[in-house]
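Residue-level listing of the chains:
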Amino acid sequence: MRKNIILAIFLTVISAIIYACQNASEIELSTYISNGKDIYRANCQNCHGENGEGLGELAPPLTDSVFLEKNKSKLACYIKNGTDQPMTINGKTYQGKMPAFPKLQTIDIAQVTVYITNAFGNKQGMYKYEQVAKDLQECK
Amino acid sequence: MRNLFAIIIVFTLCSCNTEPERLPFMQMEVVENVVDGKTVQDTTFRTIPDFKLYNQDSTVVTLKDFDNAIYVADFFFTTCPTICPIMHRNLLKVYKKYEHNNQVKFASHTIDVKYDKPSVMKAYAKKLGIRTKNWEFLWGTRDEIYALAERNYMVYTKEEAQAPGGFAHQGYLILVDKHKRIRGAYDGTVDEDVHKLMADMDILLKEK
């Protein structure tokens, strides 16, 4: 009997911890997304559009989930340093010049990346500050 | 009963139409002249003076090319990282609305005359999705463009190292009537202003 009670308490505590952790990471994700949205509006929306639709062939859309997933580790570099390499988005080749955003801090870049990869039909979850910091060291 | 309803609708429509709306003049000047010893007041409207610029096909464009048309003028540069994409995203909506109306034209002047040569503007226009002739991307000497901007279209433009992209300018869309008089100025980065521009263009098109 006593064993069972202890076991029950143990299980309850464990599940509470798991639940709390999950909640914390969900809260973190939604904080990233809502801050990221503000950063997007202020810096990116002029070219990439309110719904990530892009602007003609001047700026590519942000709706190609496969591209974003595949190039996840490069996104931070694109944002921090700009880019002018040809890239194929939704089957169409774009070559333009995206300006650098040297003023954006690593945390801002993490948040705006999480926003664009979870908006416009994308759903790719969290992308942590620490990972972005690592990716930024690999920029070419 | 149904007839009565129809009559009321027709009546309402008519009463709206009795006084045609008219757009204001932006640069009206009252000049006092002395005629036969008496002072007479004369109202004059400033007009856009003739210019000679080059478009995206390197063809000469003068004010004559805007005869019998109303047009929207703006100042931008192709590498502008901030407001120009918003202005042109909005102006593209206006262009689409009047794409097949040869009484409507567009004149986008570059303020980065060093980089935005006609060939660069041509690539830009193509990427924006402009296929017809009624949207001209105009290039000229620095002095010509800046004088037009400030003296005639009243848009602030300046080379400024600190500004994003190297140029400071305002995002106004200037509406000019068939007699080359300015009839409205709209902030091309504000949605409501752009809707107002389109409504005003419909009014202006009805004017003789």
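For the structure, see preceding data.
The following refers to the structure shown.

Calculation notes
- Residues numbered from 1 in each chain as written.
- Chains lettered and ligands numbered in written order.
- Predicted model: local features only at pLDDT ≥ 70, side-chain atom pairs only at ≥ 80, totals over all residues.
- Heavy atoms only, no water.
- Helix = DSSP H or I, 4+ residues; strand = E, 2+ residues; numbered from the N terminus.
- Buried < 20%, exposed > 50% of the residue type's maximum accessible area, 1.4 Å probe, protein only.
- Contact = heavy atoms within 4.5 Å.
- Lys, Arg positive; Asp, Glu negative; His and termini not counted.
- Charge placed at Lys NZ, Arg CZ, Asp CG, Glu CD.
- Rg over C-alpha atoms; globule rule 2.2 N^0.38 Å.
- Pairing = 2+ DSSP bridges.
- Axes fitted to C-alpha atoms, helices over the stretch in contact; angles between N-to-C directions.
- Disulfide = S-S within 2.5 Å.
- Patch = residues over 30% accessible without salt bridge, like charges linked within 9 Å, V, L, I, M, F, W, Y side chains within 5 Å.
- Areas by Shrake-Rupley, 256 points an atom, 1.4 Å probe, with all protein chains shown as cover.
- Salt bridge = Lys/Arg side-chain N within 4 Å of Asp/Glu carboxyl O.
- Buried area = accessible area lost by both parts, 1.4 Å probe.
- Nonpolar A, V, L, I, M, F, W, Y, C, P; charged D, E, K, R; others polar.

1. Considerations on the overall build of chain B
- From N to C terminus, chain B includes five helices and eleven strands.
- Overall size of chain B, expressed as C-alpha extent along the three principal axes, is 65 × 60 × 30 Å.
- Buried residues in chain B amount to 44% of all 208 residues.
- Of the contacts formed within chain B by residues at least 6 apart in sequence, a portion of 66% connects residues at least 24 apart.
- Seen as two clouds, the 28 positive and the 28 negative side-chain charges of chain B have centres 6 Å apart.

2. Description of the overall build of chain A
- Secondary structure summary: chain A contains six helices and two strands in total.
- Listing each helix as α and each strand as β along chain A from the N terminus yields α-α-α-α-β-β-α-α.
- Here chain A has a C-alpha radius of gyration of 19 Å; the compact-globule value for 140 residues is 14 Å, and the former is much larger.
- The dimensions of chain A, computed from C-alpha atoms along their principal axes, are 70 × 30 × 25 Å.
- Put simply, chain A has 140 residues, and 36% of those count as buried.

3. Some points on the sheet that holds strand β11 (residues 182-187) of chain B
Residue and element names in this part refer to chain B.
- Strand order in the open sheet formed by five strands is β7-β6-β5-β10-β11, with mixed pairing between adjacent strands. Two strands bound the open sheet, and with one partner strand each, they are β7 (135-138) and β11. Pairs of neighbouring strands in the sheet enclose a mean axial angle of 20°, with direction left out of account.
- Relative to strand β10 (residues 172-176), strand β5 (residues 70-76) runs antiparallel, the two being bridged by three bridges. From the neighbouring strand, A73 faces β10, where its bridge partner is I174.

4. Remarks on the pairing of β11(B)
Residue and element names in this part refer to chain B.
- By the bridge criterion, five bridges tie β10 to β11 in an arrangement that is antiparallel. By the bridge assignment, L175 is partnered in β11 with G184.
- Between β10 and β11, which follow one another and run antiparallel, lie five residues, and K180 among them has a positive phi close to 65°.

5. A few points about the side chain of D200(B)
All names here are of chain B.
- Checked against the element boundaries, D200 lands in helix α5 (residues 191-206).
- Here D200 falls in the buried class, since its relative accessible area comes to 7%.
- Each residue touching D200, except ones within four places of it in the same chain, is listed here: L23, L175 and Y186.

6. Observations concerning the state of the cysteines
- Overall, the coordinates contain two disulfides over all chains when judged by the stated rule.
- The disulfide that involves C77(A) links it to C139(A), with 2.0 Å between the sulfurs. For the disulfide bridge between C77(A) and C139(A), the dihedral angle about the S-S bond is near -100°, and by the sign convention the bridge is left-handed. Taken as a pair, C77(A) in helix α4 (residues 72-81) and C139(A) in the segment after α6 (129-137) lie far apart in primary sequence, 62 residues in all.
- The exposure class of C77(A) is buried, given its relative accessible area of 14%.
- The disulfide partner of C80(B) is C84(B), and the S-S distance across this bridge is 2.3 Å. Every disulfide takes its handedness from the sign of the S-S torsion; for C80(B) and C84(B) that torsion is 90°, giving right-handed.

7. Some points on a nonpolar patch on the surface
- Judged by side-chain polarity, M1(A), I5(A), I9(A), V13(A) and I17(A) come together as a nonpolar surface patch covering roughly 530 Å² of accessible area.
- With respect to the helices and strands, the residue M1(A) is situated in the segment before α1 (2-43).

8. What to know about the environment of A168(B)
All names here are of chain B.
- As for its placement among the helices and strands, A168 is situated in strand β9 (residues 167-169).
- Look at A168 and you get buried, because its relative accessible area is 15%.
- Taking the C-alpha atoms as reference, A168 lies 25 Å from K196; in sequence the two are 28 residues apart.
- Discounting residues that sit within four places of it in the chain, A168 has contacts with Y156, T157, K158, E160 and A163.

9. What about the pattern of salt bridges?
All names here are of chain B.
- Here the structure, examined in full by the defined rule, presents 13 salt bridges over all chains.
- A salt bridge links R181 to D177; its shortest N-O distance comes to 2.9 Å. Of the two residues, R181 and D177, both sit in the buried class.
- Note that K196 is salt-bridged to D200, the shortest N-O span being 3.0 Å. Within this pair, K196 and its partner D200 are both found in helix α5, separated by four residues, close to a single helical turn.
- In the salt-bridge network here, residues are joined through shared partners; they are R22, D177, R181, R183 and E207.

10. Describing the interface of chain A and chain B
- Taken together, the contact between chain A and chain B spans 14 residues of the former and nine residues of the latter.
- Together, the buried faces of chain A and chain B total about 950 Å²; carbon and sulfur atoms form 56% of this surface.
- Three residues stand out in chain A for area buried against chain B, namely N46(A), L55(A) and L58(A), and they jointly supply 56% of the buried area on that side.
- Along the contact surface separating chain A from chain B lie one salt bridge.
- Residue classes in the side of chain A that touches chain B are distributed as four nonpolar, eight polar and two charged.

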